Each structure stands twice: as C-alpha cells, then as structure tokens.
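Here are the chains, one letter per residue:
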Amino acid sequence: MTKTDSASSAAGSTDPRLDGHDEQDLEQHFDATIARDQRIEPRDWMPDGYRKTLIRQIAQHAHSEIIGMQPEGEWITRAPSLRRKAILFAKVQDEAGHGLYLYSAAETLGADRADLTQRLIEGRQKYSSIFNYPTLSFADVGVIGWFVDGAAICNQVPLCRSSYGPYARAMVRICKEESFHQRQGYELLMTMMRGTDAQREMVQDAVDRWWWPSLMMFGPPDDASPNSAQSMAWKIKRHSNDELRRRFVDMTVPQAEKLGVTLPDPELRWNAERGHHDFGTPDWSELQRVIKGDGPCNAQRMERRRSAHEEGAWVREAASAYAAKQSRRAREGAA
Amino acid sequence: MSDDHVYMTLAEGHEDDARWAYGTGFEDPLHGVDIAVPEGVDAGEVAACCLALGDDALVSAQRLAEWCTRAPELEEEVALANIGLDLLGQARLLYGRCGQVDGTGRGEDAYAYFRDPGDFRNVRLAELPGGDFAFSITRLLVLSSWRLALFEQLTASPDPVLAAIAAKGVKELAYHRQYAAEWAVRLGDGTEESHRRMRTALEQVGPYIGELFTAYDVRDEVVAVLRQVTEAAGLPMPAWKPSPSSSSRGYPMPGAGRDGDHTEHLAPLLAELQGVARAHPEATW
C-alpha cells in the first residue's frame with residue numbers, strides 16, 4: 001500500500017518536481033499530449049484520476065489473467081491427446097506471463113504487486129466475471145479460446161493504442177499471443193466437429209453455455225456504464241462497450257457457420273439495412289449477480305487463489321530471508 | 001495495426017496448423033535426422049530405453065501440471081510450467097521414436113493413453129504425489145540431475161534419433177537442474193521452516209534414489225551435484241540404499257518402476273491423465 005500512496009501523493013500538488021510550474025500548466029500539457037494521440041509515460045505528470053483509473057483497470061486485467069488460468073488449467077492433466085496437453089499447458093502458462101507483464105505495468109504507476117494480490121484475495125478488486133463459469137468438458141477449452149480469447153482480443157486490440165505507454169506496449173504482446181490462443185481454440189473445435197457425434201454434442205453444449213457470458217464480457221450497456229465516458233476522453237479506452245460487443249457478434253457469426261454450430265440466440269439475424277447483425281439482449285441481471293459474487297464458481301476461484309497465496313507464504317518468506325542473508329554476507333565480505 | 005485483422009483471419013485455412021503441436025517452439029528437433037535404425041543397433045533396446053525415459057518424462061510433467069494455479073509466486077508458475085512443457089515435449093519425441101523402432105508403429109498417444117499402470121516403466125520417484133514446494137523442488141533436483149547425466153551419455157547413442165532427442169533435452173535439463181538447485185539452496189538456507197521442510201523432503205525422496213542407478217553409470221555425477229547443493233544449502237545428503245541389481249547395465253533395466261512395479265500412486269495419476277481419451281476411444285482431438 002505504501003508505494004501506491006506515495007506515488008499518488010507525488011503525482012498531486014505536493015510534487016517537488018512541479019518547480020514553479022503550476023498544476024494547471026501540467027494539466028494543459030497532459031491534455032495536449034492526449035489530444036495529439038501521444039503516449040503518457042511513467043515519469044510524466046498525470047492527473048490523480050487518470051492514474052487511479054489506470055491502476056484499477058490494469059490490476060483488474062492482471063487479476064483476470066491469473067484467475068482465468070483456473071477454468072482451463074483444470075483440463076491440463078486430463079487433456080485427451082499429448083498435443084492438446086502441450087497446447088493447453090503452454091496457453092495457461094502464457095496467461096501467467098500476461099499477469100506478470102500487467103502487474104509490472106501497474107507497478108510503473110506506483111502500485112505494488114503484493115498489495116494488488118492482497119486486494120484481489122480480499123475481494124476489494126475484481127476480475128472478469130467470465131471466469132466464474134465452470135468448464136464441464138474438454139470442448140470448453142476450445143470454446144473459451146474461440147469466444148473468451150476472441151472477446152478479449154476485441155476489447156484489447158484497441159488498447160494497443162491506449163494513451164498510457166506501458167499498458168499499450170503490454171497489450172501489443174498480449175494480443176499477439178491471444179490471437180494465437182484463439183486460433184488454437186477454434187482449431188480444436190474444428191477437429192472435434194469432424195469427429196464423433198459425442199464430440200459434436202460436446203461442442204454445441206459448450207457453445208450454448210459460453211455464448212451469453214461471452215457477450216457480457218464487454219461490460220454493461222453504454223447507458224449503464226458509469227466509468228466509460230471519462231476513460232474514453234482520456235483515451236484509456238477507445239470504443240464503447242456496445243460497439244465492441246456488436247463487432248464481436250459480427251465477427252463470430254460467420255465463424256460459427258463455418259464450424260457448423262448454432263449460436264443460442266433466436267433473435268440473431270443479419271440486418272442488411274444497418275450492415276450489422278441484430279441480436280438478443282443478454283440477461284444483465286445475471287451479470288450483476290456474478291459481479292456481486294453470486295456466479296457458479298466465484299467462491300471456488302477465490303478460494304483457490306487465496307489458498308495458493310497462503311500456502312506459498314513460507315516459500316516467499318524463505319526467498320526474502322535468503323536474499324537478506326546474501327546481501328548481508330556480501331556487505332560483510334566487502335568490509 | 002488494424003483492429004480487426006487478427007480476428008478476421010480466424011476462419012481462413014492455415015497451412016501451419018499442424019505445427020501448433022510443440023507448445024511454444026516451432027523448431028523440429030529431429031529435422032534432417034535419419035530415422036532408420038543403423039545396422040548393429042538393437043532396436044528392442046532402443047525402444048525400451050525410449051519407453052522408460054518417455055514414461056519418466058510424462059509422469060513428471062503430469063505432476064508438474066498439478067502445480068498450475070497453485071504455485072507460491074507467478075514466476076514459479078511460469079517456471080514450473082516451462083519445465084513441465086519441456087518434459088512433455090521429451091516424452092512425445094521418445095514415444096514417437098519408440099513407435100518407429102518397436103515394430104508396432106504406434107503413435108505417441110497410444111503409449112500415453114492406452115497402456116495400464118503395470119505397462120509403465122517410469123521410476124517410482126516420478127509418480128509420488130506432489131507434496132509441498134520443498135518436496136517438488138527436491139524431487140526435481142534429483143530427477144533433473146540424473147536425467148541430465150543420462151542424456152549427456154545418450155548424445156553419443158548409436159541410434160541417431162535418440163542421440164538428437166538427448167541433445168535437445170540436455171539444454172532443457174541443464175535449466176531444470178539449475179532452477180531446482182537455486183531453490184534448494186534458498187529453501188535450505190532461508191527460514192527455519194523452509195529448512196525443516198527441505199530436510200523432510202530429502203528424507204522422503206531418499207528411499208527412491210537407489211532405483212535410479214540401475215542402468216548407465218551416472219551415479220557419481222548425480223552424487224556430486226547433490227553433495228554440492230546440499231552443502232551450499234546447509235542440508236544433509238539424502239540417504240539411500242543401492243538397488244539390489246545396481247551392478248547390471250543396459251536395458252531393459254531391472255528394479256521397481258523399470259520392471260513395472262509401481263507405488264499405489266501411479267494408477268490414480270493415470271486414471272486422471274487417460275480418462276477423457278479412454279471415454280472416447282473413437283474420437284480425434
């Protein structure tokens with residue numbers, strides 16, 4: 001917590017770097033940088049609200065990567081071929097890597113990884129609600145790749161142009177890897193659809209279960225999204241929730257046709273006049289319930305993260321104790 | 001960058017689809033290696049060697065996969081998965097070679113998914129349940145030191161495919177051993193609790209070490225590594241009894257796991273690993 005506090009106050013009016021510039025000048029400079037579509041970097045002055053919004057968003061994103069390892073990670077030990085086992089193991093490992101880059105990006109804003117982890121396990125910071133749904137068959141691994149990574153890409157590709165430099169650069173790398181994961185998921189589903197009847201049923205069942213939660217990944221409708229307008233103005237966010245959701249639907253429909261599955265929405269049809277698909281409304285009360293902690297797996301996901309963190313405490317303590325002994329020995333050796 | 005590009009290409013065909021197989025890397029370690037068994041080489045012996053080392057790798061990878069989402073820190077999450085993926089890759093190459101030389105023409109999945117516990121030839125140390133981080137690190141230290149020494153010898157194998165697999169594996173195993181050794185020292189010389197847990201782990205691993213030295217003469221290399229690491233960590237050397245048949249050399253290798261004699265822990269590990277594949281024997285994945 002201390003790092004966050006000191007960084008926040010350093011960015012405020014007591015900043016010794018102000019050196020005769022008043023805050024208004026700095027804010028104008030910041031606004032002009034944003035208006036010119038240039039990047040804000042860690043050492044640049046930024047408004048407190050911008051910093052806090054970014055820390056919240058990046059931390060939530062990092063937590064989502066880490067919690068998101070669980071639903072698919074459950075299937076690594078059970079993957080039905082060695083090739084699929086390797087692909088899945090590597091994917092889940094990539095997610096841990098994404099979590100690491102994102103926590104590092106948050107640290108450039110003065111946050112501290114251990115503190116953010118603590119906030120997650122105390123339920124004070126959120127992660128994406130999609131990971132509170134269970135994975136019931138191996139087809140879920142493919143559908144998560146196709147829908148969930150697909151939706152994540154739709155959300156994140158515009159973030160590669162986010163105004164905050166370290167976040168934007170982390171997103172470039174993450175998006176590349178996620179598009180790879182998405183193709184792997186889709187390829188698994190293609191293979192399963194060419195397989196047995198039981199496999200085709202598994203795929204359709206997974207599609208039925210994941211479709212609506214995936215549409216909810218873009219967040220509540222624009223008229224009910226309180227933080228969006230400021231984030232759009234700061235160019236932290238580039239497109240509205242509804243715009244991204246519509247884009248995801250338009251992209252996914254032809255892929256579903258090629259795969260030979262039915263998307264579970266009777267209202268889904270092409271609207272030639274608008275040049276987009278019309279589609280049904282997700283059950284927003286379900287999203288609210290899951291966000292509030294009442295999804296099928298919220299308790300289980302949090303419990304796993306908490307117990308891993310607590311059971312690992314002695315290891316982290318040992319590593320710190322060893323590092324302290326080593327530096328003391330080095331000092332004594334030098335003396 | 002176009003926002004849509006990465007997504008729109010999804011439904012198109014990709015010629016490199018089949019290349020997604022090997023985790024994170026795309027280099028075929030066997031590219032250009034002649035797969036014919038050279039004259040004078042005993043194919044049965046090569047097959048037995050590939051099967052045993054493949055089973056060690058698969059079972060170890062399965063135990064490492066159990067750490068996923070449970071590691072003490074994110075860096076360890078990444079590192080343990082990395083090691084698991086390397087071993088899984090080694091298992092696949094070794095099973096592939098086994099199928100080429102044992103006369104059955106079986107693919108890697110036939111070995112992994114459609115053999116029963118008594119047909120597995122892994123050493124028992126690999127199959128013991130995960131335990132705590134100290135146990136996993138101690139087991140990894142012993143198994144990676146041993147496997148590295150074996151693979152270094154096998155780089156000179158008269159079978160060119162086995163030699164190529166070993167050459168690739170040596171680089172991976174050197175990292176595994178380094179990782180395990182660094183953690184063993186940190187834990188041994190960390191806090192009282194971590195030291196105590198490392199002592200317990202060494203006591204648990206000890207009885208299974210003798211079984212490792214039933215073929216190929218790598219005992220001295222392994223003992224030297226363990227001595228160096230335990231000294232640096234302020235820990236005692238693990239105690240073990242030599243395997244009764246440790247004087248024999250070559251394959252098939254006598255003694256416990258190598259004879260198909262396993263602990264009670266292998267069957268549940270395989271039940272989990274094989275369950276989905278066996279429920280859908282006609283399926284392709």
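Residues numbered from 1 in each chain as written. Chains lettered and ligands numbered in written order. Predicted model: local features only at pLDDT ≥ 70, side-chain atom pairs only at ≥ 80, totals over all residues. Heavy atoms only, no water.

Going by the annotation in an unreviewed UniProt entry, the name recorded for chain B is Phenylacetate-CoA oxygenase subunit PaaC, with Streptomyces himalayensis subsp. himalayensis given as the source organism.

A. Just the pattern of salt bridges, in detail. Residues and elements named next belong to chain B. Across all of its chains, the model carries 32 salt bridges over all chains by this definition. Notably, a salt bridge pairs E211 with R124, separated by 2.6 Å at the nearest N-O pair. Of the two residues, E211 is situated in the loop between α8 (192–205) and α9 (219–233) and R124 in helix α5 (residues 124–127); the sequence distance between them amounts to 87 residues. Between E172 and K168 there is a salt bridge; the shortest N-O distance is 2.7 Å. Of this pair, E172 and K168 both sit in helix α7 (residues 160–188), separated by four residues, roughly a single helical turn. Overall, E172 belongs to the buried group, its relative accessible area being 12%. (Salt bridge = Lys/Arg side-chain N within 4 Å of Asp/Glu carboxyl O. Helix = DSSP H or I, 4+ residues; strand = E, 2+ residues; numbered from the N terminus. Buried < 20%, exposed > 50% of the residue type's maximum accessible area, 1.4 Å probe, protein only.)

B. Just the packing of helix α7 (residues 139–156) of chain A against helix α9 (residues 197–216) of chain A, in detail. All names here are of chain A. Contact geometry for α7 and α9: axes closest at 9 Å, N-to-C directions at 30°. Classified by the angle their axes make, α7 and α9 are roughly parallel. In this structure, the crossing between α7 and α9 has a hand that is right-handed. Contacts between α7 and α9 pair A139, D140, V143, I144, W146, F147, V148 and A151 from the former with M202, V203, A206, V207, R209, W210, W211 and S214 from the latter. Looking at the contact of α7 with α9 residue by residue, the classes come out as 13 nonpolar, one polar and two charged. (Axes fitted to C-alpha atoms, helices over the stretch in contact; angles between N-to-C directions. Parallel < 35°, antiparallel > 145°, perpendicular 65-115°, else oblique. Left-handed = near helix turned anticlockwise from the far one by under 90°. Contact = heavy atoms within 4.5 Å. Nonpolar A, V, L, I, M, F, W, Y, C, P; charged D, E, K, R; others polar.)

C. Representation of a negative patch on the surface. Residues and elements named next belong to chain A. Side chains of D22, E23, D25, E27, D31 and D48 sit close together on the surface and give a patch of like negative charge. At four residues, the largest contribution of residues to the negative patch is made by helix α2 (residues 23–35). Secondary-structure assignment places D25 in helix α2. For D25, a relative accessible area of 39% puts it in the partly exposed group. (Patch = residues over 30% accessible without salt bridge, like charges linked within 9 Å, V, L, I, M, F, W, Y side chains within 5 Å. Areas by Shrake-Rupley, 256 points an atom, 1.4 Å probe, with all protein chains shown as cover. Lys, Arg positive; Asp, Glu negative; His and termini not counted. Charge placed at Lys NZ, Arg CZ, Asp CG, Glu CD.)

D. Broad picture of the nonpolar core. Of all hydrophobic cores here, the largest spans 183 residues; its most connected members are Y50 of chain A together with F133 of chain B. Non-local contacts of Y50 of chain A, meaning those with residues more than four positions away in its chain, are made with F30, I34, I40, S163, Y164, W234 and I236 of chain A. (Core = buried A, V, L, I, M, F, W, Y, C linked by side-chain atoms within 4.5 Å.)

E. Layout of the packing of aromatic side chains. Summed over the entire model, instances satisfying the criterion amount to 15 aromatic pairs over all chains. Between F30 of chain A and W45 of chain A, the ring centres sit 6.2 Å apart and the planes meet at 80°, which makes this aromatic pair edge-to-face. In this pair, F30 of chain A sits in helix α2 while W45 of chain A sits in the loop between α2 and α3 (48–67), placing the two residues 15 residues apart along the sequence. Accessibility expressed as a relative area gives 2% for F30 of chain A, which makes it buried. With a centroid separation of 5.2 Å and 90° between ring planes, the pair formed by F133 of chain B and W183 of chain B is classed as edge-to-face. Of the two residues, F133 of chain B is situated in helix α6 (residues 133–154) and W183 of chain B in helix α7; the sequence distance between them amounts to 50 residues. One exposure class covers both F133 of chain B and W183 of chain B, and it is buried. Linked through ring pairs, W146, F147, Y186, W211, F218 and F248 of chain A together constitute an aromatic cluster. Positioned over the ring face of W183 of chain B is R186 of chain B, at 4.5 Å from the centre of the ring. (Phe/Tyr/Trp six-rings, centres within 6.5 Å; stacked < 30°, edge-to-face > 60°. Lys NZ or Arg CZ within 6 Å of the ring centre and 35° of its normal.)

F. Expanded view of the interface of chain B and chain A. Chain B puts 67 residues into the contact, and the matching count from chain A is 70 residues. Note on chain B versus chain A: buried area summed over both sides is about 6,000 Å², and carbon and sulfur give 67% of it. At the boundary of chain B with chain A, the tally comes to four salt bridges. For the pair chain B and chain A, the interface holds 17 residue pairs in polar contact (both at pLDDT 80 or more). Elements represented by at least two residues in the side of chain B that touches chain A include exactly α1 (5–8), α2 (43–65), α3 (74–101), α4 (108–113), α6, α7, α8 and α10 (266–279) of chain B. (Buried area = accessible area lost by both parts, 1.4 Å probe. Polar contact = N/O pair within 3.5 Å; in protein donor to acceptor, adjacent residues only side chain to side chain.)

G. Focus on the environment of C175 of chain A. Residues and elements named next belong to chain A. Relative to the helices and strands, C175 is located in helix α8 (residues 165–193). By relative accessible area, which is 3% here, C175 ends up buried. Distance from C175 to C154, taken between C-alpha atoms, is 9.3 Å for residues 21 residues apart in sequence. Each residue touching C175, except ones within four places of it in the same chain, is listed here: Q156, V157 and C160.

H. The packing of α7 of chain A against α8 of chain A, seen in detail. All names here are of chain A. Direction vectors running N to C along α7 and α8 enclose 145°, while the axes themselves pass 7 Å from each other. Relative to α8, α7 is oriented so that their crossing is left-handed. On α8, the residues that touch A139, V141, G142, V143, G145, W146, D149, G150, A152, I153 and Q156 of α7 are M171, I174, C175, E178, S179, H181, Q182, G185, Y186, L188, L189 and M192. Here the contact of α7 with α8 is built from residues that sort into 13 nonpolar, eight polar and two charged.

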